[in-house]
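Fold and contact review
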Amino acid sequence: MAPKKPPVTHTQPDTGAEEEEEPSSAQGLDRSAGEIANLQRMLQHFMDIQQRKDDEWRREASRQDQRWRSLQHQFGLLQEEVQKGRRGVPQDLEEQQTSTTITAAARTRIYRPVAVAESH
């Protein structure tokens, strides 16, 4: 039988072990700095996109506001025109026009020729 080996201990003499760790931690710092720079670029990109969206939203809101004001103005003009028209038409004439329209519509229904099927 072969002699047993002594157990391996994880403690090593203090000869340059710290120097070996510095390059690996420097690599970690470089990698972290690269990741941070990448995150900064991504964040800046997303902020630019959001800014463009905000600008477009503001332009669209301005267009909609202008359309709304124009529509309100046109509606006001229409109301004024209708009010002026109603002031100029006497009530009796307005009723007469309404009844004439109804009578003409009724006459069209009554006197409309009806197709009669010829029977032999």
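Residues numbered from 1 in each chain as written. Predicted model: local features only at pLDDT ≥ 70, side-chain atom pairs only at ≥ 80, totals over all residues. Heavy atoms only, no water.

Applying the stated criterion across every chain, the model contains 5 salt bridges. The closest approach of N and O atoms between Asp55 and Arg58, which form a salt bridge, is 3.5 Å. Of this pair, Asp55 and Arg58 both sit in helix 1 (residues 17–88), 3 residues apart, which is roughly one turn of the helix. Its salt-bridge partner being Arg69, residue Asp65 comes within 3.1 Å of it at the nearest N-O pair. Placement of the pair is Asp65 and Arg69 together in helix 1, with a separation of 4 residues, close to one helical turn. The exposed category is assigned to Arg69, whose relative accessible area is 52%. Salt bridges sharing common partners tie together Glu56, Arg59, Glu60 and Arg63. (Salt bridge = Lys/Arg side-chain N within 4 Å of Asp/Glu carboxyl O. Helix = DSSP H or I, 4+ residues; strand = E, 2+ residues; numbered from the N terminus. Buried < 20%, exposed > 50% of the residue type's maximum accessible area, 1.4 Å probe, protein only.)

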